[in-house]
Amino acid sequence: MHAHSIWARGTKTLKVWLLNLAGSTAAMALLAGTVPATAHAQATANATSVNTVALPGELQADLPAARLAGTARLTFWGLDIYNAALWVPPDFQSARYPQHPFALQLTYLRSLDGAAITKRSIDEMLRQVKFTPERAQAWQTAMAAIFPDGKSGDRITGIHKPGVAASFLLNGKPRGDIADAEFARLFFGIWLSDATSEPAMRKALLAQTAP
């Protein structure tokens, strides 16, 4: 596949993944190798003041004291892919994010394929640490049962439960849990770890947190 050869040349990034899922003309051109090398996605901080946004109702039970740490939008060639928002407890420290409960919410701005989301999630998790093909398959199967095909306006919320699990909601309703602490750390690390392929998005999401 064209996509595999592109990833092998070092363009294995979250932005390309999402555009591939979106099926846009720009993404298909990139995967075919026809987009100029200067083309790239941008994660930009949302201008909304984080201090004026109320905690979503679906987070009240798990994170009653959480506040909005930052927001970002992923775009490519002017195409909006999704909005992201990170909700954290008062004592949250970005360098120790795996030790804290928090929630990451993605609001799709275009249609995305659920099966492709799970595959690219595994690839992005492998940026942080290598794990066995067997573990990759188990995690991909678990995600496939949780992540549906998404359409514009859908809201996927992931809740990190340190040392326990990752819980997911779709449009505010429980979708399922993956009771594996290592999975939870690496999955949320797609956005929050130093190894993320989107450092600008990480910076925007963690804008109002301690180092």
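Residues numbered from 1 in each chain as written. Predicted model: local features only at pLDDT ≥ 70, side-chain atom pairs only at ≥ 80, totals over all residues. Heavy atoms only, no water.

Engineer: Just to check I follow, could you spell out the packing of helix α4 (residues 114-125) against helix α6 (residues 181-192) for this structure?
Structural biologist: The packing of two helices is summarised by the inter-axis angle and the distance between the axes. Put simply, α4 and α6 touch, their axes get as near as 9 Å, and they point 95° apart. As judged from the angle between their axes, α4 and α6 are roughly perpendicular. Between α4, through Ser-121, Glu-124 and Met-125, and α6, the contact on the second element is made entirely by Phe-183, Leu-186, Phe-187 and Ile-190. (Axes fitted to C-alpha atoms, helices over the stretch in contact; angles between N-to-C directions. Helix = DSSP H or I, 4+ residues; strand = E, 2+ residues; numbered from the N terminus. Parallel < 35°, antiparallel > 145°, perpendicular 65-115°, else oblique. Contact = heavy atoms within 4.5 Å.)

Engineer: Teacher, can you tell me more about the pairing of strand β3 (residues 79-88) here?
Structural biologist: Side chains on a regular strand alternate between the two faces of the sheet. For β3, the tally of buried residues reaches eight of ten residues, placing the bulk of the element in the interior. Taken together, the nine bridges between strand β2 (residues 67-76) and β3 define a ladder with antiparallel strand orientation. Bridging across to β3, Leu-74 finds its partner in Tyr-82. Between β2 and β3, which pair antiparallel in sequence order, lie two residues; one of them, Trp-77, sits at a positive phi of approximately 50°. Inspection of the sheet shows β3 paired to strand β4 (residues 102-108) by six bridges, in the antiparallel sense. Across the sheet, Ala-85 pairs through a bridge with Gln-105, a residue of β4. (Buried < 20%, exposed > 50% of the residue type's maximum accessible area, 1.4 Å probe, protein only. Pairing = 2+ DSSP bridges.)

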